[in-house]
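Residue-level structural notes
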Amino acid sequence: MSERPWTTGTDGTSSPDGVTPAPDGARAASPGGVAPRVAPPGGAAAPTAPADGVAPAAAPPDLVRLLLVASVALITLVAFENLAVSTAMPAVAEDLGGLRLYAVASGVPLAAGLVATAVSGAWSDARGPRGSLLAGIVLFSTGLVIAGLAPSMEILVVGRAVQGFGGGLLVVPLYVLVGAMVPAARQPAFFAAFSAAWVVPALVGPGVTGLVVDHASWRWIFLGVPALTLGVSALLLPLLRHIPPHGSRSDPAVRHSRLLLAATGTGAAVAVLQVAGSQTGSEMAAWVVPAAIVAAAVLVLCLPPLVPAGTVRLLRGVPSAVACRTLLNATFMTAQTFLPLLLVREHGWPVWQAGLVLTVASVAWATGAAIQGRVTSTAGRDRLSWLGPLLLAAGTFITAGATLEAVTPWIVVVGWALGGTGMGLAYPALSVLVLQATPPARHGRISSSLQVADALGAAMGLAASGALFTALVGTGGTDAYLAGLLLASGLGLVASVAGARAAAPVVG
């Protein structure tokens, strides 16, 4: 799982990506190379003041420090696991003979996490964060163990789903704990630390993973993290005794139930589409087409409550910005998932060498985010919302050259560095654009919509590219990779159009 952490601004509002809304633009978003996990619909993950307007009493300084250390350590492990699995998946698919489920294994944690974060938000609102945190730690670790011991790709997919669901349950309460126990003046530093927790895993995770896979076994990538997770989680146990009493919430229960149902339906529909895509070909089961039709209908019904009206139609302003984020993540995750497989399976690169391509993208992402943070003019920031997706589309198109015999596979490094830069330019810029165009009272809800868009885009991109890959991989050659990368590049171009409409002024 992955997290584009939220930051609490000096005005008490929250935003994704480590971006604090400010007149002069955004701070850099954390690099990750993976799609973010969603925050609960309704903004439940964002620290909020009680209904009576009285801020909760801050915890003693030693407990605040302990919360910081334990939370950052836990998020670092989560980040490392996510990046490590992306690097190790080619070896996993080869060992288990599960190439047709390659995209499903990468995408199902996103679908499960979308549901889990909605569940965790409602759970934390109703009963406090303690239960969700403990259940998340147990399920996250259990899923990793199932995946690490999996005798087949099907069992590994099950483990990844359990892991993704647990990850969604355990991350949300960390934000709730910060809101309940940390003084308001220190909350920005906390969320900045959460964002920074991605940096080291992004830089060293893929390389370390490659060495473990090449010299030991991919199974240790899954089995090593649970022990560390449980050890770090032990630091959180003393904090659970100090969670403030849970008061009643003013939000209507019916609203939480509606959003929870919508998120659950969306996540389930995406998971069904991913599995259905893996069944394409001559051996397609009779249930695939009807299931895909039902899932698509459920998606159409459940998605509207989770995103701004007009998102699908690319209405100018905020709806197009949310649509742009959806398409950005679809492009990025599609390419990032299949590039290591292309390099390892078709070009014979060792896993560690293919993993360094992900590191390059992470560094480029951080560089692009730093550059956008220096852009202060309105016109300049408006350009970022379409220029970033355009660079991502171009970079993805360049990586497709590695599928051609006449082109060196090293072209992937160039293309994916360009793609990472495009993500760094656009991702936080879109967050700032949305937050500045939205009244502060709705910042929690629109932040949630951005996070839903991120997870949905990544999951749907993998569902579509996975279906293409499964249909073509049996024909031999590299056509399956080429089709997926061209699809991703096309989605990036549409994202650029959406970004241009996001930046356009809204009349009336």
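Residues numbered from 1 in each chain as written. Predicted model: local features only at pLDDT ≥ 70, side-chain atom pairs only at ≥ 80, totals over all residues. Heavy atoms only, no water.

A few words now on the overall build of the protein. Helices and strands together make up the secondary structure of the protein, namely 15 helices and two strands. Of the roughly 18300 Å² of accessible surface on the protein, a fraction of 69% belongs to carbon and sulfur atoms. (Helix = DSSP H or I, 4+ residues; strand = E, 2+ residues; numbered from the N terminus. Areas by Shrake-Rupley, 256 points an atom, 1.4 Å probe, with all protein chains shown as cover.)

Looking now at the side chain of T438. For T438, the position within the fold is in the loop between helix 13 (411–436) and helix 14 (443–473). At 2.6 Å, the side chain of T438 forms a polar contact with the backbone oxygen of V434. (Polar contact = N/O pair within 3.5 Å; in protein donor to acceptor, adjacent residues only side chain to side chain.)

The next thing to look at is the pattern of salt bridges. Taken as a whole, this structure holds four salt bridges when the rule is applied. Two residues, R325 and D454, come together in a salt bridge whose shortest N-O distance is 2.8 Å. In this pair, R325 sits in helix 10 (residues 318–346) while D454 sits in helix 14, placing the two residues 129 residues apart along the sequence. Each member of the pair R325 and D454 is classed as buried. Two residues, E346 and R345, come together in a salt bridge whose shortest N-O distance is 3.2 Å. E346 sits in the partly exposed class, given a relative accessible area of 31%. Take R345: its relative accessible area is 44%, and that puts it in the partly exposed class. (Salt bridge = Lys/Arg side-chain N within 4 Å of Asp/Glu carboxyl O. Buried < 20%, exposed > 50% of the residue type's maximum accessible area, 1.4 Å probe, protein only.)

This part is about the nonpolar core. Counting residues in each nonpolar core, the largest one holds 117 residues, and the members touching the most others are M153 and L156. Those residues within four positions of L156 in sequence are excluded, and the remaining contacts are V92, L96, A105, A147, A150, W218 and F222. Residues L114, L259, A262 and A263 belong to the second largest nonpolar core, which totals eight residues. (Core = buried A, V, L, I, M, F, W, Y, C linked by side-chain atoms within 4.5 Å. Contact = heavy atoms within 4.5 Å.)

Tracing the backbone through its elements, the reader meets L435 in helix 13. By relative accessible area, which is 2% here, L435 ends up buried. When the C-alpha atoms of L435 and I446 are compared, they prove to be 7.6 Å apart, with eleven residues separating the residues in sequence.

Residues that lie three or four places apart on an α-helix share one face, since the helix turns once every 3.6 residues. End to end, helix 6 (residues 199–215) covers 25 Å across 17 residues, agreeing with the expected 24 Å (1.5 Å per residue, within 8%). At G205, helix 6 shows its maximal bend, which comes to roughly 45°, and the proline P206 appears one to four places after that position. Every buried residue of helix 6 is accounted for by P201, A202, G205, P206, G207, T209, G210 and V213. (Expected span 1.5 Å × (residues − 1). Bend = angle between axes of the 7 residues up to and from the residue.)

Attention shifts here to the packing of aromatic side chains. How two aromatic rings sit relative to each other is set out by the distance from centre to centre and by the angle between their planes. Considering all chains together, one arrives at eight aromatic pairs under this definition. For the pair W218 and F222, a centre-to-centre distance of 5.9 Å together with 90° between the ring planes defines the contact as edge-to-face. F222 sits in the buried class, given a relative accessible area of 0%. Ring centres of W365 and Y427 lie 5.5 Å apart, and the angle between their planes is 50°; this geometry places the pair in the tilted category. (Phe/Tyr/Trp six-rings, centres within 6.5 Å; stacked < 30°, edge-to-face > 60°.)

Looking now at the layout of surface pockets. Take a probe with the size of a water molecule and roll it over the atoms, and the empty space left behind shows itself. Size it by volume and the second largest pocket reaches roughly 410 Å³. In this structure, the second largest pocket is lined by 18 residues; those nearest its centre are L303, V312, T326, L327 and L456. Of all the elements in the fold, those that place two or more residues in the lining of the second largest pocket are helix 10, helix 14 and helix 15 (479–503). Here the residues of the lining of the second largest pocket sort into 14 nonpolar, four polar and no charged. (1 Å grid on protein atoms, 1.4 Å probe; cavity = no way out; pocket = protein on both sides within 12 Å on 5 of 7 lines; lining within 4 Å. Points joined across faces, edges and corners; volume = space filled by probe spheres on them. Nonpolar A, V, L, I, M, F, W, Y, C, P; charged D, E, K, R; others polar.)

Once that is clear, we can look at a nonpolar patch on the surface. Together, V199, V200, L203, V204, V208 and V363 give the surface a local cluster of nonpolar side chains, amounting to about 430 Å² of exposed area. By secondary structure assignment, the location of L203 is in helix 6. By relative accessible area, L203 is classed as partly exposed at 41%. (Patch = residues over 30% accessible without salt bridge, like charges linked within 9 Å, V, L, I, M, F, W, Y side chains within 5 Å.)

With that settled, consider unusual backbone geometry. Unusually for a residue other than glycine, L314 sits at a positive phi of about 55°. Structurally, L314 can be placed in the loop between helix 9 (288–302) and helix 10. Judged by its relative accessible area of 18%, L314 falls in the buried class.

Within the secondary structure, A227 is located in helix 7 (residues 219–240). In sequence terms A227 and V145 are 82 residues apart; their C-alpha atoms lie 9.8 Å from each other.

The next point concerns the confidence of the model for the protein. Per-chain confidence: the protein averages 77 in pLDDT, with 80% of residues scoring 70 or above. The low-confidence segment residues 1–55, where pLDDT is below 50, has 201 contacts with residues more than four positions distant or belonging to other chains. (pLDDT = per-residue confidence, 0-100.)

Orientation of helix 12 (residues 378–399) relative to helix 13, taken along the N-to-C sense of each, is 155°, at an axis distance of 7 Å. With respect to helix 13, the element helix 12 is oriented roughly antiparallel. In this structure, helix 12 crosses over helix 13, and the sense of that crossing is left-handed. Here the contact of helix 12 with helix 13 is composed, by residue class, of 17 nonpolar, eight polar and one charged. (Axes fitted to C-alpha atoms, helices over the stretch in contact; angles between N-to-C directions. Parallel < 35°, antiparallel > 145°, perpendicular 65-115°, else oblique. Left-handed = near helix turned anticlockwise from the far one by under 90°.)

Glancing now at the packing of helix 1 (residues 61–96) against helix 6. Contact geometry of helix 1 with helix 6 gives a least axis separation of 8 Å together with a crossing angle of 45°. Taken together, the axes of helix 1 and helix 6 are oblique relative to one another. With respect to the hand of their crossing, helix 1 and helix 6 are arranged in right-handed fashion. Contacts between helix 1 and helix 6 pair T76, A79, F80, L83, A84, T87, A88 and A91 from the former with P201, A202, G205, P206, V208, T209, G210 and V213 from the latter. Residues that form the contact of helix 1 with helix 6 fall into these classes: eleven nonpolar, five polar and no charged.

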